[in-house]
Amino acid sequence: MSPISPPQSVPSFSSKSPSKTLTTAPNSTRSCNRIHCELKKASAAPQKWTIDCVSSTDPIHIILKPPNSALLPSPMDSSLKNSKRVCLFYCSEMRDLAERIASESDAIELRSITWRTFADGFPNLFISNAQGVRGQHVAFLASFSSPGVIFEQLSIIYALPRLFVSSFTLILPFFPTGTSERMEDEGDVATAFTLARILSNIPISMGGPASLVIFDIHALQERFYFGDNVLPCFESGIPLLLNRLQSLPDSDNITIAFPDDGAWKRFHKQLQHFPMVVCAKVREGDQRIVRIKEGDPKGRHVVIVDDLVQSGGTLIECQKVLAKHGATKISAYVTHGIFPNKSWQRFNHDKGGNPENGMAYFWITDSCPETVKQVKNKPPFEVISLAAAIASALHI
């Protein structure tokens, strides 16, 4: 570059930029082709800027280069750019949980579906602003609380991936069928396998196979019922229980009890830092009685842990045997509080010193929304929400 004369005046800058003062280096000569300046703010230290002068022809071209730190995006800008935004649809039963999930993240936006029926009772459904979800990450929050609501939701589940969405996730917190299935005789039908096959045929979206989020599926072998066209993500509510136990005033006196070997196999690794009691059902004549197989509940606040409850008979028998062996306080946790025919009414609140007849706490999650409505503000029941865990799963 040919020598140039230093500028006789300071170049002007836009009035919207912070004030910049240009100063030439002392003893400038006609061969100078770089000028240094400082960016001065009242609230920050001066920053060094560089101006390169390019002068192949008149006029002089000035290139303003900010300091290296100014070239880097801020962490906030980076997180916003990389955030996975999700359009969350939901069935009518799950409205409250959907709103809690959306409140967990600004990147989750609720979208609506019109749930109607024709005169013959079959579904008449409408997805609002269907074109607006093209290229978006889409999720549907389902509740298969009864066979009567499954078909209309399957219709939505099969329709959403076909709207040219970037990806599709089905959140089914409680996988309902199969909780009482026993394949003991030829002719028994595994309806859990049937439902898994139906869900495995969800249409593929532009991003590939659908994701399926389920919490604490009842039988571990059901994990292998799903085909390769869906990506099951099996989550657990136990971390939420751990957070709640840590907040109890007697958190250092907790013992975990399992009503049977199946519950122990499922959950003991997540709860291994607690003392444990394992119960078992034994047959005496025509009766099945719960006995303590191992562990000692004496003087402890014992928390019975299982994946779900139906009639509650096993939990009540477990409660009685733990109280008989000296437990000073008894609570229970299940991820899925099904309680058909309002069987939750069998559980009373321990108002102090009466563990054989009542529980200090009975924790459930909001995976079964109808139960949540029924037990609200009724001790010993307390609902632990899956909202944060689901919001986290949606951003995988």
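Look a little higher up for the structure.
Scope of this entry: the structure provided in the associated data block.

About the cut-offs
- Residues numbered from 1 in each chain as written.
- Predicted model: local features only at pLDDT ≥ 70, side-chain atom pairs only at ≥ 80, totals over all residues.
- Heavy atoms only, no water.
- Buried < 20%, exposed > 50% of the residue type's maximum accessible area, 1.4 Å probe, protein only.
- Helix = DSSP H or I, 4+ residues; strand = E, 2+ residues; numbered from the N terminus.
- Pairing = 2+ DSSP bridges.
- Axes fitted to C-alpha atoms, helices over the stretch in contact; angles between N-to-C directions.
- Core = buried A, V, L, I, M, F, W, Y, C linked by side-chain atoms within 4.5 Å.
- Contact = heavy atoms within 4.5 Å.
- Expected span 1.5 Å × (residues − 1).
- Salt bridge = Lys/Arg side-chain N within 4 Å of Asp/Glu carboxyl O.
- Phe/Tyr/Trp six-rings, centres within 6.5 Å; stacked < 30°, edge-to-face > 60°.
- Patch = residues over 30% accessible without salt bridge, like charges linked within 9 Å, V, L, I, M, F, W, Y side chains within 5 Å.
- Areas by Shrake-Rupley, 256 points an atom, 1.4 Å probe, with all protein chains shown as cover.
- Lys, Arg positive; Asp, Glu negative; His and termini not counted.
- Charge placed at Lys NZ, Arg CZ, Asp CG, Glu CD.

### Some thoughts on the pairing of strand E11 (residues 210-215)
Among the six residues in E11, five count as buried, and that is most of the element. Bridge count between E11 and strand E12 (residues 230-235): six bridges; the pairing is parallel. Looking at E12, one finds that Ala210 is bridged to Val230.

### Overview of the sheet that holds strand E9 (residues 137-141)
Sheet architecture is open: six strands sit in the order E6-E5-E9-E10-E11-E12, paired in parallel fashion. A single partner strand is all that each edge strand has here, and the edge strands are strand E6 (108-110) and E12. In this sheet, adjacent strand axes meet at a mean angle of 25° when their direction is disregarded. Looking at chain direction, E9 and strand E10 (residues 167-171) are connected through five bridges and run parallel. Among the inter-strand pairings, Ala139 is bridged to a residue of E10, identified as Thr169.

### So, the nonpolar core
If you look at the biggest cluster of nonpolar residues, it comprises 71 residues, and the most contacted ones within it are Ile101, Phe140, Phe168, Phe175, Leu199 and Val305. Ignoring sequence-local partners within four residues, the contact set of Val305 consists of Ile238, Leu241, Ile256, Ala257, Phe258, Pro259, Ala263, Phe267, Leu271 and Tyr333.

### Describing the sheet that holds strand E17 (residues 329-337)
In space, the seven strands of this open sheet follow the order E15-E14-E13-E16-E17-E18-E19, with mixed pairing throughout. The open sheet has two edge strands, strand E15 (287-294) and strand E19 (381-384), and neither has a second partner. Each strand axis lies, on average, 25° off the axis of its neighbour in the sheet, ignoring direction. The pairing of strand E16 (residues 301-309) with E17 spans eight bridges and is parallel. If you follow Ile304 over to E17, its bridge partner there is Ala332. Its contacts with the sheet put helix H6 (residues 238-246) on strand E13 (254-258), E16, E17, strand E18 (362-365) and E19, and the angle it makes with E19 is roughly 120°. Here helix H8 (residues 313-324) sits on the sheet and contacts E13, strand E14 (276-284), E15, E16, E17 and E18; the angle it forms with E15, its principal contact strand, is near 50°.

### Focus: H8
Given a rise of 1.5 Å per residue, 12 residues ought to cover 16 Å, and the 17 Å separating the end C-alpha atoms of H8 matches this to within 8%. Looking at H8, one finds that the buried residues are Leu315, Ile316, Cys318, Gln319, Val321, Leu322 and Ala323. The secondary structure elements touched by the buried residues of H8 are E13, E14, E15, E16, E17 and E18. Looking one or two residues past H8, Gly326 carries a phi angle of roughly 100°, positive in sign.

### Points about the side chain of Ser205
Structurally, the position occupied by Ser205 is in the loop between helix H5 (191-199) and E11. With residues up to four places along the chain from it excluded, the contact list for Ser205 reads Pro161, Val165, Ser166, Ser167 and Phe168.

### Let's talk about the pairing of E13
Note on strand geometry: in a regular strand, side chains alternate between the two faces of the sheet. Extensive coverage of E13 is indicated by the burial of five of its five residues. Here E13 shows a buried face lined by Ile254, Ile256 and Phe258 and a second buried face lined by Thr255 and Ala257.

### Considerations on the pattern of salt bridges
All chains considered together, the criterion is met by eight salt bridges. Its salt-bridge partner being Arg100, residue Asp366 comes within 3.1 Å of it at the nearest N-O pair. Here Asp366, found in the loop between E18 and helix H9 (369-375), pairs with Arg100, found in helix H3 (residues 95-103); they are 266 residues apart in sequence, far enough to count as distant. Classification of Asp366 as buried rests on a relative accessible area of 3%. Between Arg111 and Glu109 there is a salt bridge, with its nearest N and O atoms 3.1 Å apart. Overall, Arg111 belongs to the buried group, its relative accessible area being 14%.

### With respect to the side chain of Thr169
Structurally, Thr169 can be placed in strand E10. In this structure, Thr169 is in contact with Val138, Ala139, Phe140, Ser211, Val213 and Leu394, ignoring residues within four places of it in sequence.

### Remarks on unusual backbone geometry
Cis geometry marks the peptide bond from Pro379 to Pro380; its omega dihedral reads 10°. In this structure, Pro380 sits in the loop between H9 and E19. Within the chain, Asn341 stands out as a residue other than glycine whose phi angle is a positive 55°. Position of Asn341 relative to the elements: it lies in the loop between E17 and E18. Relative accessible area serves as the criterion here: at 80%, Asn341 is assigned to the exposed category.

### So, the packing of aromatic side chains
Summed over all chains, the structure comprises 12 aromatic pairs. Considering the side-chain rings of Phe193 and Tyr225, the 5.5 Å spacing of their centres and the 85° angle between planes classify their relative orientation as edge-to-face. Note that Phe193 is positioned in helix H5 and Tyr225 in the loop between E11 and E12, a separation of 32 residues in sequence. Aromatic pair Phe226 and Phe234: ring centres 6.2 Å apart, planes at 55°, arrangement tilted. Taken together through their ring pairs, the aromatic side chains of Phe339, Trp344, Phe347, Phe362 and Phe381 make up a single cluster.

### Regarding a negative patch on the surface
A contiguous patch of negative charge on the surface is contributed by Glu184, Asp185, Glu186 and Asp188. A relative accessible area of 32% places Asp188 in the partly exposed class.

Everything listed here is a matter of geometry and, on its own, says nothing about what the molecule does.
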